[in-house]
Structures are given as structure tokens and as C-alpha cells.
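Observations on the model geometry
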Amino acid sequence: MNGTITHQFGRAFTGQGVKNIYSDLISEARKVYFIKSPPTFKLSDLFKQVGYHYVKRGYDIEWFYDPLHADTIEATFVKGSRILFIQASHPISFEPKFYGTTHHVVSFYEAYDENKLREHGEFLREKTLHSEQWLDKALQTMTNAKNLHDEWEVPYISGMDWSGFDAQAEALLNETFTTLKFNKTPQRTHRLMGTLTPEGAKDYFDSLTKGVKRRIFIKGYPGSGKSTLMKRFAEKAESLGLDTQWGWCGLDCNSIDYVWLPELQTILFDSTSPHEYEPEHAGDEIYDVKKFRDSNEANHISVDGIVARYKEEISHATEYLQVYSTDDETIRETLDTCVNNFKWKEIEDQLLRKIDNSSVIK
């Protein structure tokens, strides 16, 4: 039977800069293939081939997508066997630590024609410098949006019925964990819920929660303790020996958007804008924290202006990412014209043969 594919983002454009979970993923992996090359779209096809190789052998995999370019994959993670294939030179550089054991480097640099690279060199330099300016603008605007979101929370934090909030949280913990206790060390993994892209905010909630038995949709105002609740939920699970996965926010990288407990098939999820979802299946439930804060007309009037400015900043950041994405696409396409396709295929085939020989059918 074929394995499953879960779709994720590995990077996010946040109010604190570009956040990625790849360092955590490298630590999580048992074996890592660091794939080195100039900026390219060609590695995405390789990661798809690798993914299908394992899926057909019954392995579950995760594909991590580039937030700039739809359907472009920059890493494949094979669950169970914990093998990671990662684009390790662009846009973020990663270096192996455990040479000769669990870390392996596959370089495609020798597949590039030096004469063609020199021919396009000055154009690529100018385009790269131009693109970096637009990325800086996008990130600064995301910082502005994050600061406005912090302002947005203030009116809702004051006047919260925190004793009621805590009582409901304690009831959720007691109901979920009852007398569970696992005699093992819990494992914590990290993922990203979503990110701003050139097409606007996007997430992979449907893929992430496909087949999950219990999905708890948290509904609440900004500043109403949703992230704190999820961290408390995760820490309680870990204290009982349960594994957890922390899904980090695509705007504020100190905040989380979900906690997933694989052993209980349970996910606790911040179901508010820009990733607002409603229950659809048996096992779905709403966890309401809005009721602990009376939202009157004065509250809404006080935040209306902040919300409008926040949305304007997000709109500008999206526009800047569109320009950055266009530049990055041009750079990659230009560099791809410099590839010696015969040599590229030779390196690719060597990698595919290596993993084919080492694969163990489940």
C-alpha cells in the first residue's frame, strides 16, 4: 500500500524576519542529504522523484514548499525512517556536521557551465541586489504589521475573565489526558502552520489534519490567550510522556498556531483569521474563548483603525513579495539555462541509485 503525503511550508515571512524550521528538521532526521546548487527550480523535480520513490514503498512523507513559488518543493522528509533531503544552498545555507556518518552532501555545482555563468554574471548580480531590496521592504512591512497586531490585542487583554479561561483550560486538560502516563521521554518536533506568500496568506491545514480523529478549533479574539493555552496543552502532554508537534505562527515566531499529539490523534488549532476554519467532520469541536471577554461596541471602535492599518501593511508586504518573487524567478530561470543537463542527470541518477539500494520496504 502506498504511503501518504503531507504538504507543509518550511519557511515563513514573519514580523521577526524569515523563520524556518529546517534546523529543527535536520536535528529530527536520522539521515540528511544536503543538496547543494545555485538557485534553481530543477531541485523541486528531484524532491518530487525522491518523495514518490518512498511513497510507492509504503512510507509516509512530508513535502516542504517554497513560500515564493507555488508547487516548488525545497525539502522532502521521509517519516518513520527519518530521512531528509533538503535544498541546502539557497535560499538558506545549511552545512553538514556529521561527515562520514549521517550527513551526506550531494553537489550539483559541477553541472553548471562556467562560460554561460560568466555570460550572465553581471545581470544576475544586479538582479540579486535588486531582489534583496524588495525582500528587505517586505520584511520591514511584516514587522510593522506584527507591531500593529500587538496593538490590536491590547483592548481585548484587559477585561478578560482569566479565572474562567483557566477553569475551562483545566477541564480540557483533564478530559484529554485523564489518567494517561507514558513511561518514555517525549519527542517535540516543529513545523510551520502557514505564511504570507505573493498570493496572500496560505496554509496547509487540510493536508496537516487529514485523517485526524479529534480536531479542536479555538475561537477567540487577538490577545485572548490562544497561544498560551496551546503551549500549556503541549507541556502537559510532554509531562505525561506524549510526543508533541508545535506549529509555529507565520506572523509572530514566538507564538504557535497549533499543537498536534500524534499518539492521541488530537490537534488543538487557532482557528482565527487568516486561517479561520469551521468543523466539518465527526470529532471536530469548537473551543470558545471569546465568551471570556465581552466585546462591546467600544472595543470594536477602538480596534477598527488598528485593523485597517494592519491589513494595509499586509497588503503592502504581499506586493513587495510579488516583486521579490518575480526577481527570484528570473534569477533561477537564468541560472537554469547554464546547466549542463547531461551532467545534472548523471549526478541525479547517482543519488537515486544510492537511495534505491538503501531503501527497505516496510
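Scope of this entry: the structure provided in the associated data block.

The rules we used
Residues numbered from 1 in each chain as written. Predicted model: local features only at pLDDT ≥ 70, side-chain atom pairs only at ≥ 80, totals over all residues. Heavy atoms only, no water. Disulfide = S-S within 2.5 Å. Buried < 20%, exposed > 50% of the residue type's maximum accessible area, 1.4 Å probe, protein only. Helix = DSSP H or I, 4+ residues; strand = E, 2+ residues; numbered from the N terminus. Pairing = 2+ DSSP bridges. Phe/Tyr/Trp six-rings, centres within 6.5 Å; stacked < 30°, edge-to-face > 60°. Contact = heavy atoms within 4.5 Å.

1. Focus: the state of the cysteines
According to the stated counting rule, one finds zero disulfides in the structure shown. In this structure Cys253 is not part of a disulfide, and its nearest cysteine sulfur, from Cys249, lies 8.5 Å away.

2. As for the pairing of strand 5 (residues 61-65)
When you tally the buried positions in strand 5, you get five out of five residues, the bulk of the element. Every second residue of strand 5 is oriented toward a common face, with Ile61, Trp63 and Tyr65 on one face and Glu62 and Phe64 on the other, all of them buried. Bridge count for strand 1 (residues 5-9) against strand 5 is five bridges, and the pairing is parallel. Paired with His7 across the strands is Trp63, a residue of strand 5. Across five bridges, strand 5 lies against strand 6 (residues 73-78) in antiparallel orientation. Within strand 6, the position partnered with Trp63 by the bridge is Thr76.

3. A closer look at unusual backbone geometry
That bond from His90 to Pro91 is cis: its omega, 5°, falls within 30 degrees of zero. By the element assignment, Pro91 lies in the loop between strand 7 (83-87) and strand 8 (103-107). Along the chain, Ser273 connects to Pro274 via a cis peptide bond; the corresponding omega equals 10°. Looking at where Pro274 falls in the secondary structure, it is placed in the loop between strand 15 (266-270) and strand 16 (284-288). For Arg82, which is not glycine, the phi dihedral falls at a positive 55°. Counting through the fold element by element, Arg82 comes out in the loop between strand 6 and strand 7. For Arg82, a relative accessible area of 36% puts it in the partly exposed group. Within the chain, Thr178 stands out as a residue other than glycine whose phi angle is a positive 40°. Positionally, Thr178 belongs in the loop between helix 4 (162-177) and strand 9 (188-192).

4. Observations concerning the packing of aromatic side chains
All chains considered together, the criterion is met by 21 aromatic pairs. Seen in terms of ring centroids, Tyr52 and Trp63 are 5.3 Å apart; in terms of plane orientation they differ by 85°. Their pairing is edge-to-face. Taken together, the residues span a long stretch of sequence, with Tyr52 in helix 2 (residues 42-55) and Trp63 in strand 5 at a distance of eleven residues. Taking the relative accessible area as the measure of exposure, Trp63 reaches 4% and is therefore buried. Relative to Phe269, the ring of Phe205 has its centre 4.1 Å away and its plane inclined at 25°; by these criteria the two rings are stacked.

5. Details of the pairing of strand 14 (residues 256-261)
With six of its six residues buried, strand 14 lies for the most part within the structure. In terms of strand pairing, strand 13 (residues 244-248) meets strand 14 through four bridges, oriented antiparallel. Following the sheet pairing, Gln245 is matched in strand 14 by Trp260. Pairing of strand 14 with strand 15, which is carried by four bridges, proceeds in the antiparallel orientation. In the strand pairing of strand 15, Trp260 is matched with Ile267. Connecting strand 14 to the next strand, strand 15, in antiparallel fashion are four residues, including Gln265 with a positive phi near 50°.

6. Digging into the environment of Leu208
Mapped onto the elements of the fold, Leu208 is located in helix 5 (residues 205-208). Given the relative accessible area of 15%, Leu208 is considered buried. Spatially, the C-alpha atoms of Leu208 and Ile267 are 9.7 Å apart, while their sequence positions differ by 59 residues. Residues in contact with Leu208, not counting those within four places in the same chain, are Thr6, Gln8, Met193, Gln245, Tyr258 and Ile267.

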